[in-house]
There are 2 protein chains.
Amino acid sequence: MAGRQPIKFGILGCAGIARKVSRAISLSQSSTLAAVGSRSFEKASKFAKDNGFPDSARVYGSYDAVLDDPEVDAVYMPLPTSLHVKWAVLAAQKKKHLLLEKPVALNVEELDVILEVCESNGVQLMDATMWMHHPRTAKMKEFISNSHLFGELKFIHSCLTFAGGQDFLENDIRVKPDLDALGALGDVGWYCIRSILWAVDFQLPKSVLALRGPVFNKAGVILECGASLHWEDGKVATFHCSFFTDTVMDVTVVGTNGTLHVHDFVIPFVEDNASFTTAVKSGFTELVTGWEPKPSEHIIMTELPQEALMVREFSRLVGSIKFDGLKPDKKWPILSRKTQLVMDAVKVSIERGFEHVEVMS
Amino acid sequence: MAGRQPIKFGILGCAGIARKVSRAISLSQSSTLAAVGSRSFEKASKFAKDNGFPDSARVYGSYDAVLDDPEVDAVYMPLPTSLHVKWAVLAAQKKKHLLLEKPVALNVEELDVILEVCESNGVQLMDATMWMHHPRTAKMKEFISNSHLFGELKFIHSCLTFAGGQDFLENDIRVKPDLDALGALGDVGWYCIRSILWAVDFQLPKSVLALRGPVFNKAGVILECGASLHWEDGKVATFHCSFFTDTVMDVTVVGTNGTLHVHDFVIPFVEDNASFTTAVKSGFTELVTGWEPKPSEHIIMTELPQEALMVREFSRLVGSIKFDGLKPDKKWPILSRKTQLVMDAVKVSIERGFEHVEVMS
């Protein structure tokens, strides 16, 4: 890797999240900001200026122009979900590697179109699920994978909510049926489902059942929902996601011997470290007046923020293809697809009036 | 209260939990250990000796004898649930006030028998849900009742599990259909349901739906289960309880503005203080690289352990009846009954194959 050219990124659109990812591209030490395109040249120009793009970076008044830029290796695509299939396919056809915002697609049929075009064009796809790349995530995985400490995984609960507020609930793209038709399920629910699948090593549940009482807006977009996930071996998970309540980012993973708690899994409270709590074989004092042993907190430092680590990992994979002639890594597309499959099943369960829905792989 | 005679307690049976409550009776400053009865005089005698009973305390070889002791004001009853209705009725008929272990009864019909006899005999009933009496509980309630800080309550999740181990799963009374037929639902599930009802000021849900995949033993006793609870106004709660996994004692209460987390709600990690975490209007830093403001931890000291505060409150109510001629307080029996109603509905939902069950008051 040392001495290699950095991977040159083009940004499609000027979404708020693109500011964070632009900074990450600058920070990752293996990538550089090469271009930005927006339907408005002025917006793209301002974006480049405000977000530390180097003088060499190109500014375009269209997405197409970014894809036509021969110097661009990879694109970061934070477009509304309903536009993903069109622009992801075009990007792949132009041999641009693809860091795609979540939810990756409106349904698995659309995602499969994207995956096929990426594969046939030899481009890397990764969804932009930043927390997967925090070193804390690996440490947490280490704990729940340790059969001696954690035992057998039995139950997971994930909860992700934020209070969008009136303006968000009326105007954000995530509540618009033509832009992000999956609403809260696609936005916050995506993270819940991903965290649950992550905890079980991406073994798909046998079935899902949406909780009663989801909330929709007038256009029929989900603003709050939940579900239970069920595995053949008896594991159970529940999740709850909402645009209506204070920020919650909880994952609890419970095993026969141990417990993991994390309260900021998607966005750590602070940037340079993140913590989680573990308990192992918790018992009680003599008269059951306290716990023995007590849970312990683990603090994991990180030199780079998780989004920069994400960009670095993506760039590493792109570099392997570009410089070493390797094939795209299949892991990330598979994780995207499994997340999508469960999300689709939850949506079907809601649509069918809270029927139990088998998850098809 | 000052200068009043302490309330004189008789203990029915020598269950493990009776040791903790005997200590609490000694500690409460408003009660005294007056008698203990067991089917075995030797066991009762050893219990009295091991648990700091004063020399004046009587030791009996039967439960009846405790109830016939004219000096006994109140009994603590940690008997198996299936014996509650018989012994609670006898106790009330002998005018003994009743601190009754949870679950209070096998079903609401049995509980109503107990409640009627208590009422017609003018005796106080309180269930022995210790955590209700910790000063932390009042502080947490203060937070979630503060509409400015917490907003409107929308979602609750409660999880209570412990790893019983092989001996427990084979031999404990809580897995025996003739002794504690409610199994994990009655034992750990009771606390989940109580915590949820506590959070909503004991407003009964409209309906409950048991989660699929409960685990039973060969005798048909529930060892693990869960449910969702649904209110007319859209509030949702989920809980999970189990005898199979590491100790978890979580309650999360989520409002439009704020969030409450507690991880040791039933038995605090340590005896002399307990903490909880609140977040209020959590947002993010400029580039969404951290939380602003961050959640804050609150530590609540307690001079007496929660079980001693429970005994003190119960003794205060008994003293009001005994010395001031007041009527029994209706609050506690109502809370017991509401908890039982929800527990019964969860059981019915399981029995009917995970049907949605209306909660009848």
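Residues numbered from 1 in each chain as written. Chains lettered and ligands numbered in written order. Predicted model: local features only at pLDDT ≥ 70, side-chain atom pairs only at ≥ 80, totals over all residues. Heavy atoms only, no water.

J.: Before we go on, may I ask you to explain the UniProt feature "domain: Gfo/Idh/MocA-like oxidoreductase N-terminal" (unreviewed entry) in chain A in this structure?
T.: Look at the UniProt record and you will see "domain: Gfo/Idh/MocA-like oxidoreductase N-terminal" (unreviewed entry) annotated at residues 7-126 of chain A. Span residues 7-126 of chain A is 42% helix and 22% strand, its end C-alpha atoms 15 Å apart. (UniProt positions renumbered as here; feature names shortened; annotations may be inferred. Helix = DSSP H or I, 4+ residues; strand = E, 2+ residues; numbered from the N terminus.)

J.: When you look at the relation of the copies chain B and chain A in this model, what are you seeing that I'm missing?
T.: For the pair of chain copies, the relating transformation is a rotation about an axis with a translation along it. Expressed as a screw operation, the relation of chain B to chain A combines 0.0 Å of axial shift with a rotation of 180°, fitting to an RMSD of 0.0 Å. When the rotation and shift are considered jointly, the pair of chain copies conforms to a two-fold rotation axis. Looking at chain B, 100% of its interface residues are interface residues in chain A too, so the copies touch through the same face. (Least-squares fit on C-alpha atoms with pLDDT ≥ 70 in both. Contact = heavy atoms within 4.5 Å.)

J.: So what exactly am I meant to see when it comes to the sheet that holds strand β3 (residues 58-60) of chain B here?
T.: Within a sheet, adjacent strands bond to each other through the backbone by hydrogen bonds, running parallel or antiparallel. All names here are of chain B. Taken together, six strands build an open sheet; the order of strands is β3-β2-β1-β4-β5-β6 and the sheet is parallel. The open sheet is flanked by β3 and β6 (125-127), the only strands paired with a single partner. Sheet twist, expressed as the mean angle between neighbouring strand axes with direction ignored, is 25°. Of the pairings in the sheet, the one linking strand β1 (residues 7-12) to strand β2 (residues 31-37) comprises six bridges and is parallel in character. In the sheet register, L12 faces β2, and the bridge partner there is G37. Those strands touched by helix α4 (residues 84-93) are β1, β4 (74-77) and β5 (97-100), and its axis lies near 175° from that of β4. (Pairing = 2+ DSSP bridges. Axes fitted to C-alpha atoms, helices over the stretch in contact; angles between N-to-C directions.)

J.: Looking at this model, I keep getting lost on the nonpolar core. Mind explaining?
T.: In globular proteins that are soluble, nonpolar side chains generally tend to be buried together. The biggest cluster of nonpolar side chains holds 117 residues, and the ones touching the most others in it are M77, L98, F239 and V346 of chain B. Among the elements that take part in this core, helix α8 (residues 183-199) of chain B stands out by supplying 11 residues, more than any other. Counting the residues that make up this core, at least three belong to each of domain 1 (7-129) and domain 2 (131-305 + 340-358) of chain B. Setting aside its immediate chain neighbours within four residues, M77 of chain B contacts L12, H84, W87, A88, A91, L98, L99, L100 and E101 of chain B. Residues L125, V175, A227 and I350 of chain A belong to the second largest nonpolar core, which totals 116 residues. (Core = buried A, V, L, I, M, F, W, Y, C linked by side-chain atoms within 4.5 Å. Buried < 20%, exposed > 50% of the residue type's maximum accessible area, 1.4 Å probe, protein only. Domains from an automatic or database assignment.)

J.: So what exactly am I meant to see when it comes to the interface of chain B and chain A here?
T.: When the parts of a complex come together, some accessible area is lost, and that lost area is often taken as the interface size. With 54 residues of chain B at the contact, the number on the chain A side is 54 residues. Between chain B and chain A, a total of about 4,600 Å² is buried, with carbon and sulfur atoms accounting for 65% of that surface. At the junction of chain B and chain A, the tally comes to two salt bridges. Of the charged contacts in the structure, one is a salt bridge between E286 of chain B and R19 of chain A, with a shortest N-O distance of 2.7 Å. At the surface where chain B touches chain A, the tally comes to 25 residue pairs in polar contact (both at pLDDT 80 or more). The set of elements that each furnish at least two residues to the side of chain B that touches chain A consists of α1 (16-27), β7 (153-161), β10 (222-230), β11 (236-242), β12 (248-255), β13 (258-262) and β14 (273-280) of chain B. Element by element, the count of residues in the side of chain B that touches chain A is highest for β12 of chain B, at six residues. Looking at the side of chain B that touches chain A residue by residue, the classes come out as 21 nonpolar, 20 polar and 13 charged. (Buried area = accessible area lost by both parts, 1.4 Å probe. Salt bridge = Lys/Arg side-chain N within 4 Å of Asp/Glu carboxyl O. Polar contact = N/O pair within 3.5 Å; in protein donor to acceptor, adjacent residues only side chain to side chain. Nonpolar A, V, L, I, M, F, W, Y, C, P; charged D, E, K, R; others polar.)

J.: What's the story with the pairing of β12 of chain B in this structure? I'm lost.
T.: Sheet faces and side chains relate simply in a regular strand, where the side chains alternate between the two faces. All names here are of chain B. For β12, the buried fraction is high: eight of the eight residues fall into the buried class. Side chains of β12 alternate between two faces, with V248, D250, T252 and V254 and M249, V251, V253 and G255 buried alike. The pairing of β7 with β12 spans eight bridges and is antiparallel. Across the sheet, S158 pairs through a bridge with V251, a residue of β12.

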